[in-house]
Amino acid sequence: MKITFFVFITTFLLFTSCNIQETIDEIATFNIRNSIDFTVPSASGINLPLDVGTPDVNTSSQQSFENNNTRADLVENVNLTELTLTITNPGDRTFSFLKSLKIYISNDTEGSTLIAEIQDIPESVGSELNLETTGANLDGYIKEDSYSLEFEAVTDETTNSETDITADMVFEVRAKTL
């Protein structure tokens, strides 16, 4: 009888502790969404590198931390899970003018880190482009008040006008709760 009771209690604790840990993990994981608009100058050559910086992006992370019952010092990991670029002007432009693109995040304390890229952009691409994220740990950028993005592109065709683009980013934050 004692052995059966012991097996029952052990099994119960094993299964409930797994569920408790899953619940804790879910509670401690949330997303921060940021968006920035920037302009790519006209490109007069093909296969030429093109470097474009953005204005600072305010993270509003402190408010997100508070909303999710945590603080910056309890953040364990931040990863970029999605980065989508959308051309907003001119309306008929597509990303076919690019051959490849790398995007870096930077700030004064952390320096620069590659966060997303795409190689061999197809001619049939539209005005929206989803990049493959690198999985880099971005704690030091998101905990700060702001960061900037740097775009390193290689052109595939010339453009006679500027291209306005919006970058939409989703960062997954894993943190201990208060």
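Anything mentioned here points back to the structure above.
Only a predicted model underlies this, so the values are computations on that prediction, with no experimental measurement involved.

Procedures and definitions
- Residues numbered from 1 in each chain as written.
- Predicted model: local features only at pLDDT ≥ 70, side-chain atom pairs only at ≥ 80, totals over all residues.
- Heavy atoms only, no water.
- Helix = DSSP H or I, 4+ residues; strand = E, 2+ residues; numbered from the N terminus.
- Buried < 20%, exposed > 50% of the residue type's maximum accessible area, 1.4 Å probe, protein only.
- Areas by Shrake-Rupley, 256 points an atom, 1.4 Å probe, with all protein chains shown as cover.
- Patch = residues over 30% accessible without salt bridge, like charges linked within 9 Å, V, L, I, M, F, W, Y side chains within 5 Å.
- Salt bridge = Lys/Arg side-chain N within 4 Å of Asp/Glu carboxyl O.
- Lys, Arg positive; Asp, Glu negative; His and termini not counted.
- Charge placed at Lys NZ, Arg CZ, Asp CG, Glu CD.
- Pairing = 2+ DSSP bridges.
- Axes fitted to C-alpha atoms, helices over the stretch in contact; angles between N-to-C directions.
- Core = buried A, V, L, I, M, F, W, Y, C linked by side-chain atoms within 4.5 Å.
- Contact = heavy atoms within 4.5 Å.

Q: Help me understand the overall build of the protein in this model?
A: On a plain count of helices and strands, the protein comes out with three helices and 10 strands. Listed N to C, the secondary structure of the protein is α-β-β-β-α-β-β-β-β-β-α-β-β in terms of helices and strands. Evaluated residue by residue, the protein yields a buried proportion of 38% over its 178 residues. Here the protein has roughly 10100 Å² of accessible surface; of this, 50% comes from carbon and sulfur atoms.

Q: What should I look at first to understand a negative patch on the surface in this one?
A: Negative charge collects at one region of the surface, where Asp56, Asp108, Glu110, Glu144 and Asp145 lie side by side. Looking at the element boundaries, glutamate 144 is found in the loop between helix 3 (139–142) and strand 9 (146–155). Classification of glutamate 144 by relative accessible area gives partly exposed; the value is 35%.

Q: Is there a simple way to think about the pattern of salt bridges in this case?
A: Pairs can form between side chains of opposite charge once their charged atoms are near each other. Following the criterion strictly, the structure yields two salt bridges and no others. Across the pair aspartate 73 and arginine 71 runs a salt bridge, and its minimum N-O distance is 2.8 Å. For aspartate 73, a relative accessible area of 53% corresponds to the exposed category. In this structure, glutamate 76 and lysine 176 form a salt bridge, with 3.9 Å as the shortest nitrogen-oxygen distance. Note that glutamate 76 is positioned in strand 4 (residues 75–89) and lysine 176 in the segment after strand 10 (163–175), a separation of 100 residues in sequence. Taking relative accessible area as the criterion, glutamate 76 reaches 44% and is therefore assigned partly exposed. Among the residues examined, lysine 176 registers a relative accessible area of 48% and is labelled partly exposed.

Q: Please explain the sheet that holds strand 1 (residues 29–40) as it appears in this structure.
A: Sheet strands associate in pairs through backbone hydrogen bonding, adopting either a parallel or an antiparallel arrangement. If you trace the four strands from one edge of the open sheet to the other, you get 1-10-4-7, paired in antiparallel fashion. Looking along the sheet, the strands with just one partner apiece sit at the ends: strand 1 and strand 7 (128–130). With direction set aside, neighbouring strand axes in the sheet form an average angle of 20 degrees. Pairing between strand 4 and strand 7: three bridges, direction antiparallel. Bridge assignment links threonine 84 to a residue of strand 7, and that residue is asparagine 130.

Q: Help me understand the nonpolar core, please; the structure alone is not making it clear to me.
A: Across soluble globular proteins, you tend to see nonpolar side chains buried next to one another. Membership of the largest hydrophobic core comes to 43 residues, with the highest contact counts inside it found for Leu85 and Leu101. Those elements that place two or more of their residues in this core are strand 1, strand 2 (49–53), strand 4, strand 5 (98–107), strand 6 (111–118), helix 3, strand 9 and strand 10. For leucine 101, the contacting residues outside a window of four places in its chain are Leu85, Ala116, Glu117, Ile118, Leu129, Leu131, Phe151, Glu152 and Ala153.

Q: Quick question: what am I supposed to make of the environment of glutamate 128 here?
A: Turning to its location among the elements, glutamate 128 is positioned in strand 7. Assessed through its relative accessible area of 49%, glutamate 128 is described here as partly exposed. Residues glutamate 128 and threonine 166, spaced 38 residues apart in sequence, show a C-alpha to C-alpha distance of 9.5 Å. Apart from residues lying up to four places away in sequence, glutamate 128 is in contact with Thr84, Leu85, Thr86 and Phe95.

Q: Help me understand the side chain of serine 64 in this model?
A: Counting through the fold element by element, serine 64 comes out in helix 2 (residues 61–67). Sequence-distant contacts of serine 64, that is, excluding residues within four places in its chain, are made with Phe30 and Ile32.

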